[in-house]
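Secondary and tertiary structure notes
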Amino acid sequence: MADCREQITKKRRAIPYGQGLVLYLLVLSGSLVAADNSRVEKTFETSPNPRVTVANARGQILVRGWDKAQVHAVYSVVSSHVEVDTEVIPSNGPADKIHFATHLLDPLLSGRDQTADYSLDVPMGTNLEIRNTQGSVRIEKLQADDTTVESVGGAILVSDFTGHLFLRSVGGNIDVIRPSGRVEAYSITGDLHFVSPTTSKLRGSTTSGRILFEGDFSDGGDYSLSEYSGDMEILCPPSASFELFAKTDRGKLQNEMPMTIRRQAASPMSSANSLFGTHLTGKATVNLRSFSGTIRIRQR
Amino acid sequence: MNETGHGRTAACYRFEQELQAYMEGEDAAFVPAHARECAFCRVIVEDLEALRAAALALPLEEPSPLVWSFVRAQLLDDGTFAERANFGAWFRQLGWLHRPLPVATFACLVVLGCLLTVPRNYPKPGNTSPISTLPARSAIRSMAFMRDSATLVQVVRELEATFRAREGSLAPDLKATYENSLISLDASIRECSDSLEREPDNSLAHEYLLAAYSQKAEVLSSALEFDEGR
Amino acid sequence: MSQQKRAAPKAASETQLVARAQQGEEEAFAALFEMHKRRVYSLCLRMTGNTAEAEDLTQEAFLQLFRKISTFRGESAFSTWLHRLAVNVVLMHLRKKGLQQISLDEVDSSQDEPVKRDYGDNDRRLMGSVDRISLSQAIADLPPGYRTVFVLHDIEGYEHNEIAEIMNCSVGNSKSQLHKARMKLRDWLRQNEGLMTSGEPVISDQAPSER
């Protein structure tokens, strides 16, 4: 704010009085708007592996891991009719649990006015639970036993996460980049995108969204992707070693990877297309299912 | 060469006779001794040992979350659970609900519990109309769609009716998201039902149909949370 | 050492959960369900080979368990009690379906199929090929009686005397059926390795294949 004022003063010397007045009024109104975007910054000392929860309606939530035994939270709201409640347990000493919840004081508040943005730096080992109805959630560089993110329409993006990740949206897209550990991602109409996972277990399901998996399969890993009508694309390197079980009822199966094909036992699903085979030594297990979408397995 | 090929000798016959005992850990020293000399018999032993190891290593499977929903609903109906003092504290203590099941599914359980504690008419298996009264216990016993899908369909129907009555209060963009998801799920329900009519044994269609109904219940419950001001 | 440490608290907490469930505490029921659901469901799934039936039977097993929980006195481990109950639920279901279980006739070796030896003329081992999906499918394709014995013995770890008691047959019968089940599984897995007459794996076309 101080820098802003200084810049405005310099400009005033060069600008005629009338225009200066207009400019002044504009700045004033801008200041009033800025004052409504109240920003709060808090720091909490935490015990090892704290639990942090955030419940929000709209706005962006960004969470990053860091190496301090503290949660550093910065949140801002657009409207003065929006409050953020913070609950710390226990109330004294390092926190085991911290809850952030956005409350709408005016039930008629709608749209952008409901917005609250959060930026949290949390210790490694923090277990997160985030619900952001129509806003996006972004998690970066975190290691945790357990992290849950739920959204209705907001997009979810998680990168460089280690631990058990559970992501669910109704319509938002889900992107998971370089995860390690276990990943579960579910959506109804949103797309799922997995990039370079090094996971022991990966589950992804969407009804009408698309699934894109780019990367290798870990030795001993278990990968299960399911869609109803959307298309699924698997892009893996020539060195990927996996057993494949792919099945679709009405859709198509397209495979570009050289595989040792296994003959299928008689199946009651006479209309199903299925592909059952092994690429290289079959160290990972890959289960792909679709009802009417196309499944493509391609070499990267 | 006989039909099984590869020159079966008298020793190989004895090997086959004693193989079962050997695999049971009984005294059958002839089996490993012969296997060292006979490549064909050695492969048999190695195959069976590999099979046994693989069987031990089979991972555990995860049932659908609806299994617990039905169990809980039935136990509620039985009056098995003691009364709770504080509703909020109970919910917070259910750590297993925080991750695997969203709050939306919990709302679905509450609705299901309410439905089952009040006398209802459930369609008898095989009947399409008119509906007749069945005890709740038999009505929720089976989740297999071809035998008795009435309960889950009924729950979804009730949730959808409530949603339609209240959807006007949702924010437009939120409502649009829910509507799109319901359109998508309804399409999958229709297609899977059509498939099952043509191919009753189509297990893939069966699985997708069940999944679509349970997802629809979760989506509707989630939407109803907002209307209740949560 | 660490596993023993983990096991002891788990047993203690299960005892506490059972005690709380006997008082009607819903959270305790939920926690017991969460603790044992995978094992029970896996058992039901492998014995029936059908997802929908397995979920029904899992439901039924837990309902029976929870309704009888007040009668549990701790004479055996809770998990053992639950497991035996689940097995009985599945077997009852299979009997109602009229599916043949173990034949009560004594073993007649003259009817045995000759052991297939075609696979022994090359270096292919089943070991590298027994993947989880193949094995699960092979088990599902077994005749019900063979499947039951194989699942109970080789997967669930029951002894033959226990299986004999459960299935109301002789120990000899149980052993014989298990051996036949294993041989059938071996044949299934070998036959479904693909079109391998020369011992070389069959490679699919390099060009995109569409099914």
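Remember, predicted model here, so these are calculated numbers, not experimental data. (Residues numbered from 1 in each chain as written. Chains lettered and ligands numbered in written order. Predicted model: local features only at pLDDT ≥ 70, side-chain atom pairs only at ≥ 80, totals over all residues.)

Considering the overall build of chain A
Counting secondary structure elements, chain A contains 2 helices and 22 strands. Out of the 300 residues in chain A, the part that is buried amounts to 46%. Long-range pairs, those at least 24 residues apart, make up 49% of the contacts in chain A with a sequence separation of at least 6. (Helix = DSSP H or I, 4+ residues; strand = E, 2+ residues; numbered from the N terminus. Buried ≥ 20, exposed ≤ 12 C-beta atoms within 10 Å, placed from the backbone. Contact = placed C-beta atoms within 7 Å.)

Quick look at the overall build of chain B
Broken down by element type, chain B carries 12 helices and 2 strands. From first element to last, N terminus to C terminus, chain B shows the α and β order α-α-α-α-α-α-α-β-β-α-α-α-α-α. For chain B, contacts bridging at least 24 residues in sequence account for 64% of all contacts bridging at least 6.

Some remarks on the nonpolar core
One finds Val71 of chain B together with Phe29, Cys44, Ala86, Val90 and Phe150 of chain C to be the most contacted residues of the largest nonpolar core, which totals 65 residues. Sorting elements by how many residues they give to this core places helix H2 (residues 26–48) of chain C first, with 12 residues. In this structure Phe150 of chain C touches Ile139, Leu142, Leu178, Ala181 and Arg182 of chain C, once residues within four positions along its chain are discounted. Ala73, Leu202, Leu253 and Ile295 of chain A belong to the second largest nonpolar core, which has 63 residues in total. (Core = buried A, V, L, I, M, F, W, Y, C linked by C-beta atoms within 7 Å.)

Concerning the packing of H2 of chain C against helix H4 (residues 78–96) of chain C
Two quantities define a packed helix pair, namely the angle between the axes and the distance from one axis to the other. Residues and elements named next belong to chain C. Orientation of H2 relative to H4, taken along the N-to-C sense of each, is 25 degrees, at an axis distance of 10 Å. When the interaxial angle is binned, H2 and H4 end up roughly parallel. The interaxial crossing formed by H2 with H4 has right-handed handedness. Taken together, the residues of H4 that come into contact with H2 (itself represented by His36, Val40, Leu43, Cys44, Met47 and Thr48) are Ser79, Leu82, Ala86, Val87 and Val90. In the contact of H2 with H4, the residues fall into 8 nonpolar, 3 polar and no charged. (Axes fitted to C-alpha atoms, helices over the stretch in contact; angles between N-to-C directions. Parallel < 35°, antiparallel > 145°, perpendicular 65-115°, else oblique. Left-handed = near helix turned anticlockwise from the far one by under 90°. Nonpolar A, V, L, I, M, F, W, Y, C, P; charged D, E, K, R; others polar.)

Focus on the pairing of strand E2 (residues 61–66) of chain A
Residue and element names in this part refer to chain A. In E2, alternate side chains face the same way, and those of Ile61, Val63 and Gly65 are buried while those of Leu62, Arg64 and Trp66 on the opposite face are not. Bridge analysis of E2 against strand E6 (residues 116–123) gives 6 bridges, and the strand direction is parallel. Within E6, the position partnered with Ile61 by the bridge is Tyr118. Where E2 lies against strand E8 (residues 137–151), 4 bridges are found, and the strand directions are parallel. Pairing of Val63 across the sheet is with Ile139, part of E8. (Pairing = 2+ DSSP bridges.)

Focus: helix H7 (residues 160–167) of chain C
Residue and element names in this part refer to chain C. When we look at burial in H7, the residues that qualify are His160, Ile163 and Met167. What you see down the axis of H7 is that its buried residues fit within an arc of 60 degrees, all on one side. Looking at the buried side of H7, the elements it contacts are helix H6 (144–155) and helix H8 (171–191). Once H7 finishes, Asn168 follows within two positions and takes phi at roughly 60 degrees, a positive value. (Arc of directions from axis to C-beta.)

Re the environment of Thr206 of chain A
Residues and elements named next belong to chain A. With respect to the secondary-structure elements, Thr206 resides in strand E13 (residues 198–206). Distance in space between the C-alpha atoms of Thr206 and Val170 is 9.2 Å, their sequence separation being 36 residues. Ignoring anything within four residues of it in the chain, the contact list for Thr206 reads Ser187, Ile188, Gly190, Asp191, Leu192, Ile211, Glu227 and Gly230.

Focus: unusual backbone geometry
Residue and element names in this part refer to chain A. In this chain, Ile89 is followed by Pro90 through a cis amide linkage whose omega measures -5 degrees. Despite not being glycine, Arg178 has its phi angle at roughly 55 degrees, a positive value. Along the chain, the position of Arg178 falls in the loop between strand E10 (174–177) and strand E11 (180–187).

Re the environment of Arg73 of chain C
All names here are of chain C. Considering the arrangement of structural elements, one finds Arg73 in the loop between helix H3 (51–68) and H4. Judged by C-beta crowding, with 7 C-beta atoms within 10 Å, Arg73 ranks as exposed. Remark: the alpha-carbon pair of Arg73 and Ala19, spanning 54 residues in sequence, is separated by 9.9 Å.

Overview of the packing of helix H5 (residues 132–141) of chain C against H8 of chain C
Residue and element names in this part refer to chain C. Viewed as axis vectors pointing N to C, H5 and H8 meet at an angle of 125 degrees, and their least axial separation amounts to 10 Å. In this view, H5 runs oblique relative to H8, as classed from their interaxial angle. In this structure, H5 crosses over H8, and the sense of that crossing is right-handed. Residues Ser134, Ala138, Ile139 and Asp141 of H5 form the contact with H8, whose own contacting residues are Leu185, Trp188 and Leu189. A breakdown of the residues in the contact of H5 with H8 according to their chemical character gives 5 nonpolar, 1 polar and 1 charged.

Overview of the environment of Ser241 of chain A
All names here are of chain A. Among the structural elements, Ser241 can be located in the loop between strand E16 (232–236) and strand E17 (242–248). Separated by 39 residues in the primary sequence, Ser241 and Leu280 have C-alpha atoms spaced 5.1 Å apart. Residues contacting Ser241, with those up to four places away along its chain left out, are Phe217, His279, Leu280, Thr281, Gly282, Lys283 and Ala284.

Side note on the pairing of strand E3 (residues 70–77) of chain A
Where a strand is regular, its side chains alternate between the two sheet faces. Residue and element names in this part refer to chain A. Residues of E3 alternate between two faces, with Val71, Ala73, Tyr75 and Val77 buried on one and Gln70, His72, Val74 and Ser76 left unburied on the opposite face. Examined bridge by bridge, strand E1 (residues 38–56) and E3 share 8 bridges and lie antiparallel to one another. Residue Phe44 lies in a different strand from E3, and its bridge partner there is Val71.

As for helix H3 (residues 39–56) of chain B
Its 18 residues give H3 of chain B an end-to-end C-alpha distance of 26 Å, which sits within 8% of 26 Å, the value for a rise of 1.5 Å per residue. Buried residues of H3 of chain B: Phe40, Cys41, Val43, Ile44, Asp47, Leu48, Leu51, Ala54 and Ala55 of chain B, and no others. Projected onto a plane normal to the axis of H3 of chain B, the buried residues spread over an arc of 155 degrees and lie on a single side. Seen from the open side of H3 of chain B, the exposed residues pointing more than 90 degrees away from its buried face are Ala53 and Leu56 of chain B. The inward-facing, buried residues of H3 of chain B abut helix H1 (10–23) and helix H2 (30–37) of chain B together with H5, H6 and H8 of chain C. (Expected span 1.5 Å × (residues − 1).)

Considering the confidence of the model for chain A
All names here are of chain A. Chain-level pLDDT for chain A is 86 on average; 84% of the residues reach the 70-or-more range. Scored below 50 in pLDDT, residues 31–36 shows 3 contacts in the model against residues more than four places distant or in partner chains. This model gives residues 263–271 a pLDDT under 50, and the stretch forms 17 contacts once residues within four places in sequence are excluded. (pLDDT = per-residue confidence, 0-100.)

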